[in-house]
Amino acid sequence: MDTRVEMDTIRQHLIDPEICIRCNTCEETCPIDAITHDGVNYVVKAEVCNGCMACVPPCPTGAIDNWRHVLRSEAYSVDVQFGWDELPAQDADMNAPAEAAIQSDAPTVASDTVRGSTIAPWSAARPYVQLYTHKAPAMATVVGNYRLTDAAAQSDIRHIVLDFGALPFPVLEGQSIGILPPGMNADGRAHHARQYSIASPRDGERPGYNNVSLTVKRVKHENGDGVCSNYLCDLKKGDVVTVIGPFGNTFLMPNHPDSHLLMICTGTGSAPMRAMTEYRRRRKETGRLMLFFGARTREELPYFGPLTNLPREFIDTNLAFSRTPGQPKRYVQDAMRERADDVARLLDDANTHVYVCGLRGMEDGVLEALEAIAGSHGLDWTALWERLRREGRLHLETY
Ligand code: NAP
């Protein structure tokens, strides 16, 4: 008789500290407060977690999706997890119980707690994920580092181009990579990876080259923040950077003809929108592109020059500036309301895919705007929202 199934085992939920970018999404998503963090790691309380999976789809890296079979009495405590630099291996003596047992203690995703799609559009290309890890990272060479914001602007936002040479690094628009900044933090531990959305299309920042671009804003050094952004913004041509990833298998663009993109972003959240827009521009594909892009001022808007040169027939661009002297604060959701008829027309089209990327705070405002626009145009937002989510047509990436 197999005695293992009679032992009081649990499938303990763990977060991989090597991949986690400490974005707090899991802690915010967890409906029962099973996730917590200290200054180093995000961890799961074994005695609270019920395996509802609500936190798994929104995690931008997949760090959240780790499980170990352990004796309940020997579950890893929160304090033990805070001390980890990497996950422990699965104890060989603690083999997984039968599949049926796993199924029974792993409820399906609590979909009502997840606001966006947890699947990619049906016509998205298949992404590669986690080809390169902490133990086997990719090395990339800096081939460009350009300031995107006006010299007089407060924000230093940069367009950084990394080349992988002959190393395969296949990416899709909407995916991200992790950068491992060199050096140690105050506790003598290696800095954890920081994640950046790729701003270039799948065929390279320069078409036909094995490179990617990133949109990076220099963050002031405060409480350990800004370690990676300052490192990246100071890079020179020829410097070599340690990269992990790629990450992301849902925030991907549709590839079928006549698919429309409704893109809403703030600041550096424009990176994936640039990638998707540039892919469409190179392919000369049909389908509408509508962009709502928010920044503090015109001078602080990344990609402002190239963006305003794109013809209106190709992309319907709507800018919103929040801190223009002498002007009222204007957010992307205000611009969306002003274009309500056109947004509603797109929402009512089954080929429309919606992408939201940027500050966490914008998510509520954008969803409220979509609800109001749908409501004022005879669309049932509750049903539409559910359909968008189910069909992989509503993608939210905010942190
Ligand atoms: P930012 O300059 O601080 O803000 C951009 C604009 O968003 C400002 O006009 C700001 O207005 C406005 N804003 C603030 N709260 C808002 C709200 N509730 N609704 C709508 N608009 C709001 O932005 P940033 O520093 O570039 O930050 C962008 C965010 O994108 C970061 O959180 C970053 O982590 C995230 N992100 C970046 C990438 C990437 O690849 N780099 C990818 C995904 C996400 P105010 O004048 O009120 O500040």
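The structure presented is a predicted model; accordingly, all values stated were derived computationally and were not measured.

Rules used in this analysis
- Residues numbered from 1 in each chain as written.
- Predicted model: local features only at pLDDT ≥ 70, side-chain atom pairs only at ≥ 80, totals over all residues.
- Heavy atoms only, no water.
- Pairing = 2+ DSSP bridges.
- Helix = DSSP H or I, 4+ residues; strand = E, 2+ residues; numbered from the N terminus.
- Near = heavy atom within 4 Å.
- Polar contact = N/O pair within 3.5 Å; in protein donor to acceptor, adjacent residues only side chain to side chain.
- Areas by Shrake-Rupley, 256 points an atom, 1.4 Å probe, with all protein chains shown as cover.
- Nonpolar A, V, L, I, M, F, W, Y, C, P; charged D, E, K, R; others polar.
- Domains from an automatic or database assignment.
- Disulfide = S-S within 2.5 Å.
- Buried < 20%, exposed > 50% of the residue type's maximum accessible area, 1.4 Å probe, protein only.
- Phe/Tyr/Trp six-rings, centres within 6.5 Å; stacked < 30°, edge-to-face > 60°.
- Lys NZ or Arg CZ within 6 Å of the ring centre and 35° of its normal.

Colleague: What's the story with the pairing of strand S5 (residues 138–147) in this structure? I'm lost.
Modeller: Put simply, side chains in a regular strand alternate between the two faces of the sheet. Judged from the four bridges that link them, S5 and strand S10 (residues 240–247) form a sheet pairing that is antiparallel. Bridged to Thr-141 within S10 is Val-240. By the bridge criterion, six bridges tie S5 to strand S6 (residues 157–163) in an arrangement that is antiparallel. Each residue of the ladder has a partner; that of Val-142, found in S6, is Leu-162.

Colleague: How do you make sense of the site of the ligand when you look at a structure like this?
Modeller: Around the ligand sit 22 residues in total, of which Ser-322, Arg-323, Lys-329, Tyr-331 and Tyr-399 are the nearest. Ser-197 is positioned with one of its backbone polar atoms (N or O) 3.0 Å from an oxygen atom of the ligand. Contact with the protein chains covers 84% of the free accessible surface of the ligand, which is 930 Å². Broken down by secondary-structure element, the contributors of at least two residues to the shell around the ligand are strand S9 (211–217), strand S12 (289–295) and strand S14 (352–358). Split into classes, the residues belonging to the shell around the ligand amount to seven nonpolar, 11 polar and four charged. Shared between two domains, the shell around the ligand holds at least three residues of each, these being domain 2 (138–247) and domain 3 (260–398).

Colleague: Whenever I open this one, the state of the cysteines confuses me. Can you help?
Modeller: Disulfide: a covalent bond formed between the sulfur atoms of two cysteine residues. According to the stated counting rule, one finds zero disulfides in the structure shown. Cysteine Cys-59 remains unbridged, with the sulfur of Cys-23 as its closest cysteine sulfur at 6.4 Å. In this structure Cys-59 comes out as buried when scored by relative accessible area, which is 17%. Here Cys-228 stays unpaired: no disulfide links it, and the sulfur of Cys-233, its closest cysteine neighbor, is 9.3 Å away.

Colleague: So what exactly am I meant to see when it comes to the packing of aromatic side chains here?
Modeller: For any two aromatic rings, the description comes down to two numbers: the centre-to-centre distance and the angle of the planes. Using the criterion set out here, one finds five aromatic pairs in the structure. Aromatic pair Tyr-76 and Trp-84: ring centres 5.0 Å apart, planes at 75 degrees, arrangement edge-to-face. The partly exposed category is assigned to Tyr-76, whose relative accessible area is 22%. Ring plane angle 5 degrees and centroid distance 4.0 Å describe the contact between Phe-164 and Phe-169, whose orientation is recorded as stacked. Using a relative accessible area of 4% as the deciding quantity, one classes Phe-164 as buried. An aromatic cluster of three or more residues is present, and its members are Tyr-132, Phe-164 and Phe-169. Over the ring of Tyr-279 we find Arg-202; its NZ or CZ atom is 3.9 Å from the centre of that ring. Note that Arg-389 overlies the ring of Trp-385, its terminal NZ or CZ placed 5.8 Å from the centroid.

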